[in-house]
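Results of the structural survey
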Amino acid sequence: MIEIRNVNHSYDGLSVLRGISLELTEKRIAIIGGNGSGKTTLARMLNGLLVPSAGEVLVDGISARTEGAKVRKLVGYVFQNPEHQIVMPTVEEDLAFGLENMNLPKTEIAGRVDAMLAAHELTHKRHAPAHLLSGGEQKLLTLLSVLIMEPKYIIFDEPMNSLDLAAQRRLKALMNELSQTFITITHDFDVIAGYDRAILIGDGLVQADGEPGGVIERYVASVSETG
Ligand code: ADP
């Protein structure tokens, strides 16, 4: 379980989150809300990428504040923009990068990379320069680079952003097959239709929380009210 306890966050005096408490126990959770409402700020706290100004995030009881490295092993993060995530020159090297940081034996790393490439029909792209892949392929690579580390939870930040229709379909299908618990920040309501729970963030607070259909209705109504 990921537990968020009375989290507050400010950037240089700008208050972005103002007392968020949540217990995330469901398998598929969406975080929705307007631009600048603090969704990414909250999501980045879930794996210790960002430490809240006040409050705590606990992942399976482990503090993201004091044990960030352990929490990052449990919680993978798929960034909105693959360019921010792909760090190595080739597909193979990028897949291996996180495992090398985990100090796994070389044979284990090679085995996991081979299996991941084969499972996603990417073996022919093993030595391809990552920056020359299509947008859809880059997104796939970032997800596989996270999956290969076998996290228990995955955060997706606007996963469908900038993907064409075919790449969106492929990614949706792949996400549907994942056994991991995941939390998705998105404006794409098709993506979260089958989710267990949606959380609407607005004005630094949880504005609605529950079954996605009802939460999306609340969001749409709040946008209509404010014109
Ligand atoms: P969302 O993901 O909902 O669009 P963010 O969490 O990215 O919202 O941003 C919330 C607010 O915090 C915005 O006003 C944004 O400009 C501001 N913000 C985000 N990151 C930073 C940062 N590193 N430094 C200063 N302000 C930031």
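Above this text you will find the structure in question.
Basis of the calculations
Residues numbered from 1 in each chain as written. Predicted model: local features only at pLDDT ≥ 70, side-chain atom pairs only at ≥ 80, totals over all residues. Heavy atoms only, no water. Salt bridge = Lys/Arg side-chain N within 4 Å of Asp/Glu carboxyl O. Helix = DSSP H or I, 4+ residues; strand = E, 2+ residues; numbered from the N terminus. Buried < 20%, exposed > 50% of the residue type's maximum accessible area, 1.4 Å probe, protein only. 1 Å grid on protein atoms, 1.4 Å probe; cavity = no way out; pocket = protein on both sides within 12 Å on 5 of 7 lines; lining within 4 Å. Points joined across faces, edges and corners; volume = space filled by probe spheres on them. Nonpolar A, V, L, I, M, F, W, Y, C, P; charged D, E, K, R; others polar. Pairing = 2+ DSSP bridges.

With that out of the way, let us pick up the pattern of salt bridges. Throughout the structure, instances matching the rule amount to 13 salt bridges. A salt bridge links Glu137 to Lys125, with the nearest nitrogen and oxygen atoms 3.3 Å apart. Pair noted here: Glu137 is in helix H5 (residues 135–147) and Lys125 is in the loop between helix H4 (106–119) and H5, with a separation of 12 residues, a long-range link. A relative accessible area of 23% means that Glu137 is categorised as partly exposed. It is possible to trace a salt-bridge network through shared partners that takes in Glu26, Arg197 and Asp209.

A separate point is the layout of surface pockets. Its boundaries defined by the atoms lining it, the largest pocket holds a volume of some 590 Å³. Around the largest pocket sit 21 residues that line it, and Gln85, Phe97, Gly98, Asn101 and Met149 are the ones nearest its centre. Listed by contribution, the elements that provide at least two residues to the lining of the largest pocket are helix H2 (68–74), strand E6 (75–78), helix H3 (91–101) and H5. Considering every element that reaches the lining of the largest pocket, the biggest residue donor is H3, with four residues. Among the residues making up the lining of the largest pocket, the classes are represented as 11 nonpolar, seven polar and three charged.

The four strands are arranged E2-E1-E4-E5 in an open sheet whose pairing can be described as antiparallel. Edge positions in the open sheet fall to strand E2 (14–24) and strand E5 (62–63), since each of these has one partner strand only. Of the strand pairs in this sheet, strand E1 (residues 2–11) and strand E4 (residues 54–59) are connected by five bridges, and their pairing is antiparallel. For Arg5, the partnering residue across the bridge sits in E4 and is Glu56.

This next bit is on the pairing of strand E3 (residues 28–32). For E3, the buried fraction is high: five of the five residues fall into the buried class. Alternating positions in E3 separate into two faces, Arg28, Ala30 and Ile32 on one and Ile29 and Ile31 on the other, with burial throughout. By the bridge criterion, four bridges tie E3 to strand E9 (residues 197–202) in an arrangement that is parallel. Each residue of the ladder has a partner; that of Ile31, found in E9, is Ile199.

Interpretation note: all reported values are geometric properties and have no functional meaning in isolation.
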